Amino acid sequence: MKKLLLLGAAAVAVSSASAMEPQEWADQQILSISPNGTYSAAEYVGSITLINNETGESTTLEGDEMLGYTLGMGNSVSNNGIVVGSFGNYPGYMKDGEWHNLKTDFPQNVNNANGITPDGTRICGTAGTAAMTTEDTPVPMQSPVVWTLQADGTYSDPVMLPYPQVDYTNRLPQYVTALAISDDGKTVSGLMTDYQGFMITLLYYTLNDNNEWVMHDEFGRLANPNNVPIPEFPGDCEEGPSLEDFMTAEEKQAYEDALTAWTESGTWDYSTYPNLEDFMTDEEKAAYEAAYNKWNTEVYAPWQAATDEFYEAIAKCNGTSLTFNNTVLSGDGKTVIATAQLPYDDPNSFDGVSYADHVAKFDLDGDTYVTFEEADMNGTAIAGDGTVLSYARATTPDQAWVYLPGTTKDPVSIMNYVKERDEDMYEWMQEKMVHDLEAYDMETWELIVIADYEFTGIPLCGRNLNVFSCMTSNYWDYSADVYSFVIPMGGADSVKGIGNDSAAKVMLFKGGRIVVEGDVQAVNVYDLSGRKVFSTGAASGTIATGLSNGTFVVRVTTADGVQTRKAIF
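Report follows, based on the coordinates. (Residues numbered from 1 in each chain as written. Predicted model: local features only at pLDDT ≥ 70, side-chain atom pairs only at ≥ 80, totals over all residues. Heavy atoms only, no water.)

Packing of helix α3 (residues 414-421) against helix α4 (residues 423-433) leaves a shortest axis separation of 6 Å and a crossing angle of 145 degrees. Touching Ile414, Met415, Val418, Lys419 and Arg421 of α3 are Glu423, Met425, Tyr426, Met429 and Gln430, all from α4. Counted by class, the contact of α3 with α4 contains six nonpolar, one polar and three charged residues. (Axes fitted to C-alpha atoms, helices over the stretch in contact; angles between N-to-C directions. Helix = DSSP H or I, 4+ residues; strand = E, 2+ residues; numbered from the N terminus. Contact = heavy atoms within 4.5 Å. Nonpolar A, V, L, I, M, F, W, Y, C, P; charged D, E, K, R; others polar.)

Spelled out as structure tokens, the structure:
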């Protein structure tokens, strides 16, 4: 039997280390959580909502599909409940239930505020420096900006950040964005979309001691990792001669008259459709033919060869593109989580290659990056301890996964993660977020029922993992389009795991993984007969014991002594 969710927001009292209570929200898409976990920002059909995770209260600014509010693409809600985004073409913010436009030099174009510092003192976003068009523009259609809170409580004029004037093909980028901002407001992460719109690379900005913004485009190398020489783009080809160039005014008029008569006849018989050649002399047609052959030989053929050379060079770059409008910046401004599109062999595709999404982690200080092992995964959040949240797009609907600190593979489902930290929260999630799913079998196309499907969707979290959210499409009762869930966890500082006074934090996870933080001198694991089945000395981060499918006793030696906890791996 399917379980039905109640409409609206509902809080259920459970035993938890947090004062917060879990909440469910119908027709709300939670897209950001404040760093301290107090607030969530949601969006739905042109309206934006600020949710107080502690009280369950909400404030909504109503819009509609024609002219509505949208949330920013990054960390769009502050610790004091300021929400940034846009209204129509204007960037702005919601504070105390009221909307305020930010200043923009380009009100006729598309502008957006995307990220805000925890204290609300600085906002990053994009300015619509050119109209959205498929035609060439003198500057990128969007460019990165920041606004800074002033002494009078208003925000400054937008300050344009430096950005690349050309992409890896030496052509003008389509977009250069500022999406997320660090807690101190001195680091901003964004993306650059190339001239054609196919290659998206990471760039970021830092504020130096002279109060100047410095651009960093080191990861732009991913567009052309092998440094393939790119020849100059030949541009558009010079137009060749036309038949009209060799006709007299009288001949052109005769053609126009014939075309008008054919159209007015209404026969639409294309066998009688007038052609320009029918109104030209043989000498005129010969002169056109000679001019065309000269243009084709001297202009078009060299242009086509240069164009082919240019695109053949691009094809050899084998660059790695990121997904549009998706970067997550850590609070300390040192790490960016994004989603990279990596190739894989696909015999069913046109050229034998397809692309899959992978979580990518960029170390800004070390100028290095790593892509996570699992395919069809999108990164959504990074906590202060390095925990990374993601969701799997290969499943329908999406499902949330957690990469433990220091790991780049073998994530745990968010349900199992919560179960190891708070059994009561896990039971609440089981009640509210687990339902039967009707789906079509991909081989037989028969309608089947998948029992107890975990509708965990797209996850987010506070900086110290004190609260999570999951946003998912509704496939089980159709009483709402989407649901969002707020899941309080009490904060990492309260998760000691072994004893109330432990100098170390220890978490246990399915698959035999133990995550330790702090002064851990030794970890020993015993089965229920007392036999030692795993042992290690001083340790930190994630420990893979290799144990599973059983109940064990974990003994951790810390500066405070030996403490014990039962683990069901």
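Moving on: the pattern of salt bridges. Summed over the entire model, instances satisfying the criterion amount to six salt bridges. The partner of lysine 432 in a salt bridge is glutamate 24, and the shortest N-O contact between them spans 3.6 Å. Pair noted here: lysine 432 is in helix α4 and glutamate 24 is in strand β2 (residues 23-26), with a separation of 408 residues, a long-range link. As a salt-bridge pair, arginine 221 and aspartate 367 come within 3.0 Å of each other at their nearest N and O atoms. One end of the pair, arginine 221, is in the loop between β19 (213-216) and α1 (249-265); the other, aspartate 367, is in the loop between β22 (353-363) and β23 (368-371), and 146 residues separate them in sequence. (Salt bridge = Lys/Arg side-chain N within 4 Å of Asp/Glu carboxyl O.)

This part covers the pairing of strand β3 (residues 29-33). One ladder, built from four bridges, connects β3 with strand β4 (residues 39-44); its direction is antiparallel. Across the sheet, the residue bridging to glutamine 29 is glutamate 43, located in β4. If you look at the hairpin formed by β3 and β4, you'll find five residues sitting between the two strands, and glycine 37 has a positive phi there, around 80 degrees. (Pairing = 2+ DSSP bridges.)

Turning our eyes to something else, we now look at the layout of surface pockets. In this model, the largest pocket occupies a volume close to 670 Å³. Along its surface, the largest pocket is lined by 33 residues, and Leu31, Met73, Val328, Thr380 and Leu460 are the ones closest to its centre. Of the residues forming the lining of the largest pocket, the biggest block, seven residues, is contributed by strand β20 (residues 321-329). Split by residue class, the lining of the largest pocket holds 17 nonpolar, 14 polar and two charged. Counted as a void, the second largest pocket has a volume near 430 Å³. Along the walls of the second largest pocket sit 16 residues, with Met199, Ile314, Asn318, Gly319 and Tyr355 positioned nearest its centre. For the lining of the second largest pocket, the secondary-structure elements that each account for two or more residues are α2 (282-315) and β21 (335-345). Here the lining of the second largest pocket takes three residues from α2, the largest share from any one element. Residue composition of the lining of the second largest pocket, by class: nine nonpolar, six polar and one charged. (1 Å grid on protein atoms, 1.4 Å probe; cavity = no way out; pocket = protein on both sides within 12 Å on 5 of 7 lines; lining within 4 Å. Points joined across faces, edges and corners; volume = space filled by probe spheres on them.)

It is worth spelling out α3 at this point. The element α3 is largely enclosed, with a buried count of six among its eight residues. Within the span of α3, buried status applies to Ile414, Met415, Tyr417, Val418, Glu420 and Arg421. (Buried < 20%, exposed > 50% of the residue type's maximum accessible area, 1.4 Å probe, protein only.)

Okay, the side chain of serine 321 next. With respect to the helices and strands, serine 321 occurs in strand β20. Reaching out from serine 321, the side chain makes a polar contact with the backbone nitrogen of isoleucine 200 at a distance of 3.0 Å. Here serine 321 is in contact with Phe198, Met199, Ile200, Thr339, Ala340 and Gln341, once residues within four sequence places are set aside. (Polar contact = N/O pair within 3.5 Å; in protein donor to acceptor, adjacent residues only side chain to side chain.)

Bringing the environment of alanine 113 into the picture now. By secondary structure assignment, the location of alanine 113 is in strand β11 (residues 112-116). When its relative accessible area of 0% is taken as the criterion, alanine 113 is described as buried. Between the alpha carbons of alanine 113 and valine 146 there is a distance of 8.6 Å; along the sequence they are 33 residues apart.

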